Amino acid sequence: MVVISDIIVQGVQMLLVLLLAPLLTGYVRKIKARLVRRQGPSVFQPYRDLLRLMRKEVVLADNASWLFRVTPYITFAAIWVAAALVPTFATGLLFNWTADLIAIVALLGSARFFLALAGMDVGTSFGGIGSSREVMIAALAEPAMLLIVFCLALVAGSTQLSTVAHFLASTYVGLRVSLGMALVALFMVAIAENARIPVDNPATHLELTMVHEAMILEYSGRHLAMIELGAFLKLLLYVSLIACVFFPWQIALYGSGALSYTIGTGAYIVKLALAGFLLALFETATAKMRVFRVPQFLGAALMLGLLGTLLLFVSRSF
Amino acid sequence: MSAVALQMVCVAGLLGLAMLAIALSRSKTATAVIYGATLAVSAIALTGALRSLLGGATDATTLTLPVGLPWLGAHFRLDALASFFLIVVNLGGASASLYGLGYGHHDPAPHRVLPFFPAFLAGMNLVVLADDAFSYLLCWEFMSLASWALVMAHHREPGNAKAGYVYLVMASFGTLALLLAFGLLAGPAGDYGFAAIRAAQHTPYAATLVLILMLLGAGSKAGLVPLHVWLPLAHPAAPSHVSALMSGVMTKVAIYGFIRVMFDLQGQPTWPASAVVLFLGSITAVMGILYAMMEKDLKRLLAYSTIENVGIVFVSLGLAMAFEANGMKLAAALAFTAALFHVLNHSFFKSLLFFGAGAVLTATGERDMDKLGGLIHRMPFTSFVVLVGCVAISALPPFNGFVSEWLIFQAVLQSPELAQWALKIMVPAVGAMLALAAALAAACFVKAYGVTFLGRPRGPAAKTAGEVDRFSLAAMFILAALCLLAGILPGLAIDALAPVATQIVGSRMPAQASQPWLSIVPIAEGRSSYNGLLVMVFITATASLAVYFIHRFASRALRRGPAWGCGFSDATPAAQYSGVSFAQPIRRVFGTLVFHARDHVTMPPPGDIGPARLRIELHDLVWSGMYAPIADAVGFLSTRLNRLQFLTIRRYLSLVFATLVTLLLVLAIWS
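Residues numbered from 1 in each chain as written. Chains lettered and ligands numbered in written order. Predicted model: local features only at pLDDT ≥ 70, side-chain atom pairs only at ≥ 80, totals over all residues. Heavy atoms only, no water.

**What to know about the pattern of salt bridges**
Residue and element names in this part refer to chain B. All chains considered together, the criterion is met by 17 salt bridges over all chains. A salt bridge links Arg77 to Asp79, with the nearest nitrogen and oxygen atoms 2.9 Å apart. With its nearest N and O atoms 3.0 Å apart, the salt bridge here joins Arg260 to Asp79. Here the residue Arg260 occupies a position in helix 10 (residues 240-265), and Asp79 occupies one in the loop between strand 2 (74-78) and helix 3 (80-103), the gap between them amounting to 181 residues. Among the charged side chains, a salt-bridge network with shared partners connects Arg77, Asp79, Arg198, Arg260 and Asp264. (Salt bridge = Lys/Arg side-chain N within 4 Å of Asp/Glu carboxyl O. Helix = DSSP H or I, 4+ residues; strand = E, 2+ residues; numbered from the N terminus.)

**Things to note about the environment of B:Met433**
All names here are of chain B. Examined against the element boundaries, Met433 turns out to sit in helix 17 (residues 421-453). Counting along the chain gives 124 residues from Met433 to Asn309, while the straight-line C-alpha distance between them is 13 Å. Apart from residues no more than four positions distant in its own chain, Met433 is found in contact with Ser282, Ile283 and Val286. (Contact = heavy atoms within 4.5 Å.)

**Concerning a nonpolar patch on the surface**
All names here are of chain A. On the surface, a cluster of nonpolar side chains totalling about 520 Å² of accessible area is made up of Leu35, Val36, Leu274, Phe277, Leu278 and Leu281. Counting residues per element, the nonpolar patch draws most heavily on helix 10 (residues 258-285), at four residues. Mapped onto the fold, Val36 is located in the loop between helix 1 (2-35) and helix 2 (45-55). (Patch = residues over 30% accessible without salt bridge, like charges linked within 9 Å, V, L, I, M, F, W, Y side chains within 5 Å. Areas by Shrake-Rupley, 256 points an atom, 1.4 Å probe, with all protein chains shown as cover.)

**A short note on helix 4 (residues 116-129) of chain B**
Since the α-helix turns once every 3.6 residues, residues separated by three or four places project in the same direction. Its 14 residues place the ends of helix 4 of chain B 20 Å apart at the C-alpha level, agreeing with the 20 Å of an ideal helix rising 1.5 Å per residue. Of all 14 residues that make up helix 4 of chain B, 13 are buried, and the element is covered over most of its length. (Expected span 1.5 Å × (residues − 1). Buried < 20%, exposed > 50% of the residue type's maximum accessible area, 1.4 Å probe, protein only.)

**A short note on unusual backbone geometry**
Cis geometry is found at the peptide bond from A:Ile197 to A:Pro198, where omega equals 10°. B:Val225 connects to B:Pro226 through a cis peptide bond whose omega is 5°. One can find B:Pro226 in the loop between helix 8 (204-222) and helix 9 (231-237). Non-glycine residue A:Arg37 carries a positive phi angle of around 60°. Mapped onto the secondary structure, A:Arg37 falls in the loop between helix 1 and helix 2. The backbone of B:Ala395 sits at a positive phi, close to 60°, despite the residue not being glycine. When you line up the elements, B:Ala395 lands in the loop between helix 15 (380-393) and helix 16 (400-413).

**Side note on the state of the cysteines**
Think of a disulfide as a covalent bridge from one cysteine sulfur atom to another cysteine sulfur atom. Under the criterion given, the structure shown has zero disulfides over all chains. Free cysteine B:Cys483: the closest other cysteine sulfur is in B:Cys390, separated by 11 Å. (Disulfide = S-S within 2.5 Å.)

**Points about the packing of aromatic side chains**
A full pass over the atoms with the stated rule returns 30 aromatic pairs over all chains. Ring centres of A:Phe89 and A:Tyr261 lie 6.1 Å apart, and the angle between their planes is 70°; on these two criteria the pair is classed as edge-to-face. Of the two residues, A:Phe89 sits in the loop between helix 3 (66-84) and helix 4 (101-121) while A:Tyr261 sits in helix 10, which places them 172 residues apart along the sequence. By relative accessible area, A:Tyr261 is classed as buried at 18%. Feature note: the residues B:Tyr136, B:Trp140, B:Phe182 and B:Phe194 constitute an aromatic cluster, connected by ring pairs. The ring centre of B:Trp421 lies 5.3 Å from the NZ or CZ of B:Lys424, which sits over that ring. Directly above the aromatic system of A:Phe292 lies the positively charged group of B:Arg588, at a separation of 3.9 Å from the ring centroid. (Phe/Tyr/Trp six-rings, centres within 6.5 Å; stacked < 30°, edge-to-face > 60°. Lys NZ or Arg CZ within 6 Å of the ring centre and 35° of its normal.)

Take it as geometry only, folks, not as evidence of what the structure does.
Have a look at this one:
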């Protein structure tokens, strides 16, 4: 019985993130449009985009290899697995012990590794510029992310995300300097990893300003749909990560009843809405920075993560 | 026959093969005979080592040969640590021999490689087996010289002579350091047997000196920054299967020497020693991968990446030393096992990648990545296995590189319990450096793979390349399979390493075989666990699900067309991103500090149709700051001393007389 309910929770989680991810992006776009007094497309536009892309034929460059064609699926699968391991409405996911937070970071790294390779596959300058900038950003974002993981692991005594969330939700932790630093750093990393303003602009096709979009410029049709869905999932993953670790309120603890699962789901959707609103507000209020300012931005995240970890090494009570 | 005797017979076989190779050298069948026989002998030695490690043979077997110093003899011993490193050596040897069966046929001068190849393997085996300082040093020097001969195999190619020269100087220097270290360890009584050294007490002063000397001796062979300068010159200069042995295996023999002396012979490590090792290891990891990122020669890139991996192993060993000094047995076992596991993993994927580079070299005759490209169409199998190697070395799940780095991160997370403030402050920074190195490694191998195998061919060589022979492919596929197996079943490897950890740090990680679903759990299940098998199953399942749904419900239409180029549809392949341009952002971020990198752009004035030129200036600060002054000083002194060569006999005699008197005076005053 317990196993069956565990499987159901895990399955619901996987479907939930898949279904909610485009909505979150659509919602952020809508809010951004409203903030600049535009009407903006419907929040369901990303679903329509995905459906339209899937119906279109794929236009493949002449010398694209098999790697180019399998990358969308590998990328999507790696991000989906990672997203399925981040607690959204409930802790104690069935496969929680399969991979911890470090492995989730590495799964996202795998997705990026293949995307960057695919960017170089066709042999145009655009793919190359996107890939090379993407790996530069990742080379700084990943260590920052790992230091945040260290921070959380030292506070909660575990790198298992469900355990961390359970610990932070059920124990009085209080306000901690290190956690504050980790939160700011995680926010900065999330901005960079999801190719949002001010690091990258997801809505541009201007060669000098784009990073992520340049890398996937050659993709079309169903392949592009998979990559887009992966990108939506990644944004949702980071929002869920911030929510479950720093704002674990009302998250259903392992083994609690159906009612608390319902409350957890409701709370999760409220958190998503709030986070989406804040993200849209932040993006509207800032301008995109030059590519070579990004290292300073991420360097700050790295330093915050390092400082937070250092404080915890010095004393567990910071 | 005891286990150690079996190994010695294999070594004798390898030495015999070296002799046979000299006799056969000019015959046509020599390549096949020698590599085939080396493969067989290595496989026997590998089986023997595996049996003694997996059989849980914690009790060592010894063997004494009546050669060497008259009063000492030559001692050889097979314990758990030696068994593990014999596995690394002989697995590398077997795969390199298999690869050589095909690759060796392309060698223009096989007689320059064949005799030294089995001799080199024999040397490495002997170093690991040696049980007294004298035989250890002798075998070490034999290994160095055999590998030097292999580096010089293609001595007419530009740069190889310099590589051989620098290697010889550094190797002699390293052996000198080791000689002094063993002298100190043997103490005033001068007993060179390892058993006597292990039993003796070492003063802290001697222990510090031994640490420095071991870092110089074993560290220079392993490629620790700043003693790494010879490595990127020498490793790529050798034929590719030998490069694989030197990078994937010989650096491990150096690490073995370090472990043997610092953990086994020296006794309990101290925490300041661990701080030094941690510092050097983390610098090595980051510097190595930054150098690799800037490199456009494929084999040199791989050699620099070896430096990075050696740094990672040393970080892990440093952690093990720190934990052991503080009496944290479990954490020490974790860090030590992680180091060994990374040693094993690196020998898998680095050999694989060097084989891949050799395949590219065979197919195109080109090592410069910026002249390659598009090989994925011409060499489908090679490009597939090299991709596996690149993913594995970039520490991405579900492959093996990730597991060992994950274990090291888990060890870092154990270190707040350390008692010393210096270490408490240092370890987070080391963790950050390690994470940086891992992220840069991924960037570096995106570059290496993307520029070499993807895109459009940049030159005629890449356009007409063909797939390599079956033996080479078999060797690469076996290693790629091992990378995956060690990644999805890490628990088995960790359990197999338990006897080594027990022998060296006196404790072991919890048994992993009993964990449900083959997860690995370094400390306790609540703290952290990872399951490579399930990660792979999940990724495969979700990817298949996605493929199924897409192909069931989405449009399956597909049209080939020219790549979209913003109106410049027929740009030449030279307009693609090259390795140099790919590295530009990272060069700008890190290079200005680490290499004093500058990009000089010369633009012709408007109206001039001359080409614009980009010149990149990189400085190897280690070379210019450390080695160039030493070389200058040596040059200066030798010019001065040169005068002594042209004295009259009268002056020579008075010089000898003066020296004698001075020495006698010193002796008189001293005693």
